[in-house]
Amino acid sequence: LFLARGDNNTMTIQMTEFDVSELAKEVVKETKMIDTSHDFDSTIQSVYINADEGLIKQAFRILIDNAIKYTEPGGKIKVQVEEKEGKAMLIVSDEGIGIPPEDLPKIFDRFYRTDESRARSTGGTGLGLSIANWICERHGGHMEVISRVGIGTKISIVLPAVSKDLIAANTNEGNG
């Protein structure tokens, strides 16, 4: 339904400027309360973006949920937020099962699952990464994936960062 609304351009996107690090800290805190079987490590820097906060939170949560789903209990999941070359990078890395190289080009396809045994053991519909990718694209961004079978996966949401100077200027305009 989410993707259908997006395809029909009936999805409302509420753009605001905000510090995505606050959103990431909130998601990590909520996740740690729900999942105590994984070791979470986070390195979060302040980065401002102009985006729909609810949609970015949804995309980020999809990445963390996948990391949990495909990482054995006791495994490490690392969450990073940083600014690099004018881009906000929201990165989730895991020590999970990894994605076979031949499957990497298809992971953003709707309903794609890497194989039936994984689908049965983990559940899901194969829509999470399609939704996250749709959200990134609608915000002028993209996703990057590095994965090695048996080692883990690193998925990054890459979005345009907003200059802190520009935010300060916009805030001061309203105070005149």
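Shown above is the structure to which this text applies.
Just so it is clear, the structure is predicted and the values come from calculations on it, not from any experiment.

A. Region of the structure containing the layout of surface pockets. Its boundaries defined by the atoms lining it, the second largest pocket holds a volume of some 200 Å³. Of all the elements in the fold, those that place two or more residues in the lining of the second largest pocket are strand E4 (76-84), strand E5 (87-94), strand E6 (142-148) and strand E7 (152-160). Broken down by class, the residue content of the lining of the second largest pocket amounts to four nonpolar, one polar and six charged.

B. Just the pattern of salt bridges, in detail. Counted according to the given criterion, the structure contains five salt bridges. Here glutamate 22 and lysine 25 are joined by a salt bridge, their closest N and O atoms 3.7 Å apart. Of this pair, glutamate 22 and lysine 25 both sit in helix H2 (residues 20-34), three residues apart, which is roughly one turn of the helix. Judged by its relative accessible area of 48%, glutamate 22 is partly exposed. According to the relative accessible area criterion, lysine 25 is partly exposed, its value standing at 41%. Two residues, glutamate 137 and arginine 138, come together in a salt bridge whose shortest N-O distance is 4.0 Å. In this structure glutamate 137 comes out as partly exposed when scored by relative accessible area, which is 45%. If you follow the salt bridges from partner to partner, you end up with Glu26, Glu30, Lys57 and Arg61 in one network.

C. Representation of the nonpolar core. One finds Val20, Ile49, Ile56, Phe60, Leu90, Met143 and Ile157 to be the most contacted residues of the largest nonpolar core, which totals 37 residues. Those elements that place two or more of their residues in this core are H2, strand E3 (48-51), helix H3 (53-70), E4, E5, helix H5 (128-138) and E7. Counting residues per element, this core draws most heavily on H3, at eight residues. The residues touching isoleucine 157, leaving out its near neighbours within four places in the chain, are Ala59, Phe60, Leu63, Ala88, Met89, Leu90, Cys136, His142 and Met143.

D. Region of the structure containing the environment of valine 20. Of note, valine 20 is situated in helix H2. For the pair valine 20 and glutamine 45, spaced 25 residues apart in sequence, the C-alpha to C-alpha distance is 8.8 Å. What valine 20 contacts, discounting residues up to four positions off in sequence, is Val47, Ile49, Ile56, Val81 and Leu90.

E. Examining the sheet that holds E7 more closely. Spatially, the five strands line up as an open sheet ordered E2-E4-E5-E7-E6, and their pairing is mixed. Bordering the open sheet on either side are strand E2 (39-44) and E6, each of which pairs with just one other strand. Direction aside, neighbouring strands of the sheet carry axes that sit 10° apart on average. Relative to E4, E2 runs parallel, the two being bridged by six bridges. Bridge pairing in E4 links serine 42 to valine 79. Docked against the sheet, H2 engages E2, E4 and E5, running at close to 170° with respect to E2. Helix-sheet contacts for H3 involve E2, E4, E5, E6 and E7, and the interaxial angle to E5 is about 20°.

Parameters and conventions
Every chain is numbered independently, its residues counted from 1 as its sequence is written. Only residues with pLDDT of 70 or above have their local features reported here, since the model is predicted, and side-chain atom pairs are shown and tallied only from 80 upward, although totals for entire chains, interfaces and linings are computed over all residues. Where side-chain values are given, they derive from all heavy atoms of the structure, hydrogens and water being excluded. Of the two site types, the cavity is a set of points on a 1 Å grid over the protein atoms alone where a 1.4 Å probe fits but cannot get out, and the pocket is an open set with protein on both sides within 12 Å along at least five of seven lines, each lined by residues with an atom within 4 Å of a point. Grid points are joined across faces, edges and corners, and a volume is the space filled by probe spheres set on the points. In DSSP terms, a helix is any run of H or I states spanning at least four residues, a strand is any run of E spanning at least two, and both are numbered starting from the N terminus. As a working rule, the residues Ala, Val, Leu, Ile, Met, Phe, Trp, Tyr, Cys and Pro are called nonpolar, Asp, Glu, Lys and Arg charged, and the rest polar, with Gly in that last group. Only one rule defines a salt bridge in this text: a Lys or Arg side-chain nitrogen within 4 Å of an Asp or Glu carboxyl oxygen. Burial classes: relative accessible area under 20% of the type maximum marks a residue as buried, over 50% as exposed, and values in between as partly exposed (1.4 Å probe, protein chains only). Each nonpolar core is a collection of buried residues, namely Ala, Val, Leu, Ile, Met, Phe, Trp, Tyr and Cys, held together in the definition by side-chain atoms within 4.5 Å. A contact between two residues is defined here by any heavy atoms of the two lying within 4.5 Å. Criterion used throughout: strands pair if DSSP finds at least two bridges between them. Fitted lines through C-alpha atoms serve as axes, helices being fitted only where they are in contact, and the angles separating the N-to-C directions of these axes extend from 0 to 180 degrees.

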